[in-house]
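# Observations on the model geometry
Residues per chain are reported as follows:
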Amino acid sequence: MALAQSFALGPILGRFAPGVSRRVWGLAAFVVVAIVAVLILPFFAPNDPFHSQFLHRLQPPGLDYPLGTDAMGRCVFSRLLYGARLTTLSALLVVALAAGFGSAVGCLTGMCGGFIDRVVMRFCEGVSVLPALAICMIISGVLGLGLQAVIIALAAVHWTDYARVMRNVVMVERGKTYVTAAEALGVPGHRIAMRHILPNIAAPLLTLGTYSLSWVILSFAGLSFLGLGVEPGTPEWGRMIAESRSHLREYPRLVLAPGLTIVGFVIAINMLGDVIGDRFRDTRASYFHPKD
Amino acid sequence: MAYRLWVRLTHALALIVFISVAGFALLRLMPGDFVEILLLSQMDGTLPDASQVARFAEANGLNDPLPVQYFRWLGALFQGDMGISLVTRAPVIDDIVLRIGKSMTLAVAGMGLALLIAIPAGILCALYPGGRIDRVCTTMTVIGMSIPNFWYALLLALLFSLVLGWLPSSGHGTLAHAVLPTLVIATSIAGVLARYIRSSLLEELTEPYIRTARAKGLGKIRTLLHHGVPNVVPGVLTLTGLQFARVFDGMIIVETLFAWPGIGRFLVESLLNRDYPAIQGCFLVIATAYILVNLAVDVAISIYDPRAREIV
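Procedures and definitions
Residues numbered from 1 in each chain as written. Chains lettered and ligands numbered in written order. Predicted model: local features only at pLDDT ≥ 70, side-chain atom pairs only at ≥ 80, totals over all residues. Heavy atoms only, no water. Helix = DSSP H or I, 4+ residues; strand = E, 2+ residues; numbered from the N terminus. Contact = heavy atoms within 4.5 Å. Buried area = accessible area lost by both parts, 1.4 Å probe. Salt bridge = Lys/Arg side-chain N within 4 Å of Asp/Glu carboxyl O. Polar contact = N/O pair within 3.5 Å; in protein donor to acceptor, adjacent residues only side chain to side chain. Core = buried A, V, L, I, M, F, W, Y, C linked by side-chain atoms within 4.5 Å. Buried < 20%, exposed > 50% of the residue type's maximum accessible area, 1.4 Å probe, protein only. Expected span 1.5 Å × (residues − 1). Patch = residues over 30% accessible without salt bridge, like charges linked within 9 Å, V, L, I, M, F, W, Y side chains within 5 Å. Areas by Shrake-Rupley, 256 points an atom, 1.4 Å probe, with all protein chains shown as cover. Phe/Tyr/Trp six-rings, centres within 6.5 Å; stacked < 30°, edge-to-face > 60°. Axes fitted to C-alpha atoms, helices over the stretch in contact; angles between N-to-C directions. Left-handed = near helix turned anticlockwise from the far one by under 90°. Nonpolar A, V, L, I, M, F, W, Y, C, P; charged D, E, K, R; others polar. Parallel < 35°, antiparallel > 145°, perpendicular 65-115°, else oblique.

## Topic: the overall build of chain A
Looking only at helices and strands, chain A features eleven helices and zero strands. Mapped from its N terminus to its C terminus, chain A presents α and β elements in the order α-α-α-α-α-α-α-α-α-α-α. Taking contacts inside chain A between residues at least 6 apart in sequence as the whole, the part at least 24 apart equals 67%.

Listed below in structure tokens is the structure:
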């Protein structure tokens, strides 16, 4: 399987950045292959997901339309495939924004400590216990309801999780012997952060990123179900469910198909998180029995 | 004496001040000129020219420094003035007062049902860890975390109101209307609560006083219920307060889905209509309600548990 083989890319990529362990590179390659696999899904769509044919509305599943057509005569299967790309891209953007900003803040406060650390962490705790969906909705509503607004809103709520985790990880790593050793050797601070600490926290960051991806996907679907984020008619899973609601009694498959797709997708991502988590434990063990 | 409670109270007050500043900033941060949007709705959609905007801003003190405007806005807020809705032209506070009771009923009923499910389930899981009930609970929780609650609510509506015809699928008024919304909210948090009750009970069961109770001849169930459970109540209460965040999130979805006339549905409608004063009002009400619920939980804990009253 391609996904499994991508782990083998680790040692090759490892040559380009010797500081980062090959296993972490293997994980990264694995994730990248999985993402690319999702992004090329629309090329396998049998029909145009935007093209509505009123002569073919509400067709049952068949050879031309693998999952039938919706109330506008659009191919449900093709729309699901396009939705996969839209959802994945948006969710990745949210995770990238949240992870980038959150880990930067977390690392900085972890390194600074003291008063700044306490204030920032109290703020992050405060934000992460608030009703996330409500806050996201209000932020995106004020920003103008579009896809961009929803992405910013989700990231604005979600970065605090990264800040908290990264701060704790940095606090732990800072006290370890290898950091003291690097300091004793006179390595400058930024180099310690980039070359010594970062490779060691890359794996937990990757694990957290995977799990938060599934949260973002569920929230994104919920927001577009409520009519925020994407325009009506966009092939997005939450939107598809909202648009098929009035046909729930006669054509439950129109609601079932996107819903099952979301559930399957989220479960797959959570399993990916488990795989990465297991690998992460492997890298930990390899400190004692170095193989690479 | 109740020092810890005072600390909590100060935190809650600080949070409410923060929320009010954020709520005030909401209207100033939105794209486009705030004054222009206000005027636009008052003049039935005709675009106001620059002199009208300037005159309106001057007359309503919108050219004053922001802190001055904030305190004026806060003063009005304390008198129950949340501004005028851009859509209905009625005071926002009237719309909110009309809906808040219905939302609170739903939230309290949802949380109550969740606790009714989670407490027995959690205790049973802790009595037989690794047993059949425990495994079922774990599986349900894991599945529950992967299912979007709006889809799950639709499936329940499909089963109970469209296929079986037992319950109405939307509206409010009778008890039957409340069953599906309450069920969706309750089941979306029951899993987390049950898992927490299970794990905190299991941790409590390793304490020496449990061993003493068993050694003096108390049965397993009696030990658990009379010695274990009372000690995990404060933790469960805290989590219950925090889970109200999930309840409020679920409420927005459920009220929209089942046409329940509460704050959540009002928020969605205001968002789609770009009714900014109404959005601001909903934000203030939801955030303040959440802070007050958690403050109430802290008070309840300090009444229940004398240790929580100690000076920290």
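## So, the side chain of A:Ser78
Mapped onto the fold, A:Ser78 is located in helix H4 (residues 76-112). Setting aside residues no more than four positions away along its own chain, A:Ser78 makes contact with A:Ala45, A:Pro46, A:Asn47 and A:Pro49.

## Some details on the interface of chain B and chain A
Interface size, as often reported, equals the accessible area lost upon joining of the parts. Facing the 34 residues of chain B at the interface are 38 residues of chain A. Carbon and sulfur atoms make up 80% of the surface buried where chain B meets chain A, a total of about 3,200 Å² over both sides. Applying the counting criterion to the chain B and chain A interface returns zero salt bridges. Along the contact surface separating chain B from chain A lie five residue pairs in polar contact (both at pLDDT 80 or more).

## Side note on the nonpolar core
If you look at the biggest cluster of nonpolar residues, it comprises 141 residues, and the most contacted ones within it are A:Met137, B:Phe150, B:Phe248 and B:Leu267. It is helix H12 (residues 276-304) of chain B that contributes the most residues to this core, 14 residues altogether. In this view, B:Leu267 contacts A:Met137, A:Ile138, B:Ile252, B:Ile279, B:Cys282 and B:Ile286; residues no more than four positions away in its chain are not counted. One finds A:Met166, A:Val170, A:Ala182 and A:Ile192 within the second-largest nonpolar core, a separate group that totals nine residues.

## With respect to unusual backbone geometry
Residues and elements named next belong to chain B. Of note, arginine 89 is a non-glycine position whose phi angle comes to about 65 degrees, a positive value. As for its placement among the helices and strands, arginine 89 is situated in the loop between helix H4 (66-78) and helix H5 (92-127). Residues other than glycine seldom take positive phi values, yet arginine 274 does so here, at roughly 55 degrees. By secondary structure assignment, the location of arginine 274 is in the loop between helix H11 (263-273) and H12.

## A word on the pattern of salt bridges
Residue and element names in this part refer to chain B. With the rule as written, the count across this model stands at eleven salt bridges over all chains. Between arginine 99 and aspartate 95 there is a salt bridge, and its shortest N-O distance comes to 3.2 Å. Taken together, the residues span about one helical turn, with arginine 99 and aspartate 95 both in helix H5 at a distance of four residues. Take arginine 99: its relative accessible area is 18%, and that puts it in the buried class. For aspartate 95, a relative accessible area of 13% translates into the label buried.

## A look at H4(A)
Between the first and last C-alpha of H4(A) there are 52 Å, a value that for 37 residues agrees with the 54 Å anticipated at 1.5 Å per step. Of the residues trailing H4(A), A:Gly113 is marked for its positive phi of about 70 degrees.

## Re helix H6 (residues 132-146) of chain B
Look at H6(B): 22 Å from first C-alpha to last across 15 residues, which is about the 21 Å you get at 1.5 Å a residue. Burial in H6(B) covers these residues: B:Asp134, B:Cys137, B:Thr141 and B:Ser146.

## Remarks on a nonpolar patch on the surface
All names here are of chain A. A surface patch of nonpolar side chains, about 530 Å² in accessible area, is lined by Val32, Val36, Ile40, Phe43 and Phe44. Looking at where valine 32 falls in the secondary structure, it is placed in helix H3 (residues 22-39). The exposure class of valine 32 is partly exposed, given its relative accessible area of 48%.

## Observations regarding the packing of aromatic side chains
Geometry of an aromatic ring pair is reported as the spacing of the ring centres plus the angle between the planes. Going through the model one piece at a time under the given rule, you end up with 13 aromatic pairs over all chains. Between the aromatic rings of A:Phe123 and B:Phe18, the centroid separation amounts to 6.0 Å while the plane-to-plane angle is 85 degrees, which identifies the pairing as edge-to-face. One end of the pair, A:Phe123, is in helix H5 (residues 114-129); the other, B:Phe18, is in helix H1 (residues 3-29), on a second chain. With relative accessibility at 38%, the residue A:Phe123 sits in the partly exposed group. Note on B:Phe248 and B:Tyr290: the rings are 6.4 Å apart at their centroids and 70 degrees apart in plane angle, and the pair reads as edge-to-face. Separated by 42 residues along the polypeptide, B:Phe248 in helix H10 (residues 220-257) and B:Tyr290 in helix H12 bring together distant segments of the chain. Take B:Phe248 and B:Tyr290: they sit in the same class, and that class is buried. Connected via pairs of aromatic rings, a cluster forms that spans A:Phe101, A:Phe123, A:Trp159 and B:Phe18.

## A look at the side chain of B:Thr240
Turning to its location among the elements, B:Thr240 is positioned in helix H10. For B:Thr240, the contacting residues outside a window of four places in its chain are B:Met111, B:Leu115 and B:Leu193.

## Looking at the packing of H5(B) against helix H8 (residues 175-204) of chain B
Residue and element names in this part refer to chain B. Where H5 contacts H8, the axes come no closer than 6 Å and their chain directions differ by 35 degrees. Where H5 crosses over H8, the two elements pack in a sense that is right-handed. Of the residues that constitute the contact of H5 with H8, the class distribution is 24 nonpolar, three polar and one charged.

## Considerations on the environment of A:Met111
All names here are of chain A. Secondary-structure assignment places methionine 111 in helix H4. For methionine 111, a relative accessible area of 37% translates into the label partly exposed. Separated by 82 residues in the primary sequence, methionine 111 and alanine 193 have C-alpha atoms spaced 9.5 Å apart. Excluding anything up to four places from it in sequence, methionine 111 contacts Val170, Arg174, Ala193 and Ile197.

## So, the packing of H10(B) against H12(B)
Residue and element names in this part refer to chain B. One way to put it is that H10 packs onto H12 with a least axis distance of 10 Å and a crossing angle of 175 degrees. If you check the angle between H10 and H12, you find them roughly antiparallel. Across the interface between the two elements, Pro230, Val233, Pro234, Leu237, Thr238, Gly241, Leu242, Phe244, Ala245 and Phe248 from H10 touch Ile286, Ala289, Tyr290, Val293, Asn294, Val297, Ala300, Ile301 and Tyr304 from H12. Broken down by class, the residue content of the contact of H10 with H12 amounts to 16 nonpolar, three polar and no charged.

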